[in-house]
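# Structure at a glance
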Amino acid sequence: MFTRTRFTRTRWLCAAALSALGAHAAQAETLSYAGGWPSSAGANGALESYARAVEANSGGELKVKVYPLSLLNFAEANAGVKDGIADMATILTPYFAAEFPRLNMMAEASPMMGLEDFASPRSFMAFAGAMSELILTRCPGCLEEIAAQNQVFMGASATTSYILQCVTPAGSLEDLAGLRIRTAGPFWSRWVEAMGATPVTISINETFEALNQGVLDCTASNPTDMTAFRFIEAVDHVVDGAPGGQFPLPTMINRDRWQGLDAQAKAAIMQANARLMAEMAWVYHEDGLAAFRDAAERGVEIAAPAPDLAEKSQAFIEADLTSVAGAYREKYGIEDSEAMLGDLRELVGKWTVLIAEAETADALATVYWDEIYSKVDLAAYGG
């Protein structure tokens, strides 16, 4: 016989179970972001701001947990996001040459930002805008190579222009002869060889020890890395103005994870992407200026390249830009390489104008959102 007591108890148990399920469903979904920077680096502040923006944009339904150099380092990031060890990460694509040929071709064209038409202290902000717009709106081949890594592109920021940070003088061609210089990608390797030095390819996370132990004489890195990766504790000489070139910082999300998100979550992320790319760029701008001040206070010699080095470097950059498209067509079969780089150069001109009036990270984020991220069709993107 089904008594009232049993009915009441059963109803209570069912209500409790439904309540528990409801509480579980109400919990915010959390994405993991593997940051490759050490915890002291300013870039982590931009990532934490990104996490807050995603949560605010989603009304608390989606969160991002940032792991600074504890879940994946930069060398591990591509496989880690591809396999779902982390949901998101900044992928340094030049570490993975065969996997991202189109993105790396664009990265190798970044020295154009040192040309007279585009040069400015904030040219890297324009390059980040141009590269992001090209990938998101004009380059299906770029999205295909990213999808092949089980990832979806969320946008790119960029570092400031690269300088030489050395334990020995390196400001002239005579100084550079035979020096071992850490390089972060093909352009810098070619530049180092053209200047008579020897390129060395190692992870940025290993560079400080290599400088300390005499394995390296210099690193070609952006100014922020002096403090972010402690190079300032090892180097005594900085050459500001060579080799140039900027390092794109694209964020990727695991493709399966992206496809599993609802429309509201995707919209929250895409809106936050504009802020992340702007704040990351602004961090590199401000932290780079601070790194120069810190280096000067420590007695590090900071000088422009000697005339012979400056002249040879400029000639090399101009010649190298004309050869990049052909090299990538030949090596990776990118038949539209000239058209891609033509589009990039056109967009760089557009973005050089657009960022000129952006005097804060908020203003830059607004420009990025209005011109790029707000125009992405989220119903189709990454599918």
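Placed above this text is the structure.
Notes on the structure follow. This is a predicted model, so every value here is computed, not measured.

Taking 1.5 Å of rise per residue, 26 residues should cover 38 Å, and helix α13 (residues 307-332) covers 36 Å from first to last C-alpha, within 8% of that figure. By the largest-angle criterion, Ser-323 marks the main kink of α13, which is about 35°. For α13, the complete set of buried residues consists of Leu-309, Ser-313, Phe-316, Ile-317, Asp-320, Leu-321, Val-324, Ala-325 and Tyr-328. Where α13 is buried, its residues touch α4 (101-108), α7 (173-176), α8 (186-194), β9 (237-243) and α14 (337-354). Looking one or two residues beyond α13, the residue adopting positive phi is Gly-333, at roughly 70°.

Now for helix α15 (residues 361-371). Those residues of α15 not exposed but buried are Ala-361, Leu-364, Ala-365, Val-367 and Tyr-368. All buried residues of α15 fall inside an arc of 160° around its axis, so they share one side. Buried residues along α15 sit in contact with α5 (123-137), α12 (263-297) and α14.

A complete count under the given rule lists 2 disulfides for this structure. With a sulfur-sulfur separation of 2.1 Å, Cys-139 is cross-linked through a disulfide to Cys-142. When the S-S torsion is 75°, as for the bridge of Cys-139 with Cys-142, the disulfide is right-handed. When its relative accessible area of 4% is taken as the criterion, Cys-139 is described as buried. For Cys-142, a relative accessible area of 0% corresponds to the buried category. The disulfide partner of Cys-166 is Cys-218, and the gap between their sulfur atoms is 2.1 Å.

One pass over the full model with this rule turns up 16 salt bridges. Here Arg-257 makes a salt bridge to Glu-29, at a shortest N to O gap of 2.4 Å. One end of the pair, Arg-257, is in helix α11 (residues 255-259); the other, Glu-29, is in strand β1 (residues 29-35), and 228 residues separate them in sequence. A salt bridge links Arg-190 to Asp-320; the nearest nitrogen and oxygen atoms lie 2.8 Å apart. Of this pair, Arg-190 sits in helix α8 while Asp-320 sits in helix α13; the two residues are 130 residues apart in sequence, bridging distant segments of the chain. Taking the relative accessible area as the measure of exposure, Arg-190 reaches 28% and is therefore partly exposed. Salt bridges here are not isolated pairs; linked through shared partners, they connect Glu-29, Asp-87 and Arg-257.

The sheet built from 5 strands is open, its strands ordered β2-β1-β3-β10-β4 with mixed pairing. Strands with a single pairing partner mark the edges of an open sheet, and in this sheet they are β2 (62-68) and β4 (151-158). Taken over all neighbouring pairs, the strand axes of this sheet differ in orientation by 20° on average, direction set aside. Pairing geometry for strand β3 (residues 88-90) and strand β10 (residues 248-254), over 3 bridges, is antiparallel. In the sheet register, Ala-89 faces β10, and the bridge partner there is Met-252. This element, helix α2 (residues 43-57), spans β1, β2 and β3 of the sheet and lies at about 165° to β2.

Scoring rules and cut-offs
- Residues numbered from 1 in each chain as written.
- Predicted model: local features only at pLDDT ≥ 70, side-chain atom pairs only at ≥ 80, totals over all residues.
- Heavy atoms only, no water.
- Helix = DSSP H or I, 4+ residues; strand = E, 2+ residues; numbered from the N terminus.
- Expected span 1.5 Å × (residues − 1).
- Bend = angle between axes of the 7 residues up to and from the residue.
- Buried < 20%, exposed > 50% of the residue type's maximum accessible area, 1.4 Å probe, protein only.
- Contact = heavy atoms within 4.5 Å.
- Arc of directions from axis to C-beta.
- Disulfide = S-S within 2.5 Å.
- Salt bridge = Lys/Arg side-chain N within 4 Å of Asp/Glu carboxyl O.
- Pairing = 2+ DSSP bridges.
- Axes fitted to C-alpha atoms, helices over the stretch in contact; angles between N-to-C directions.

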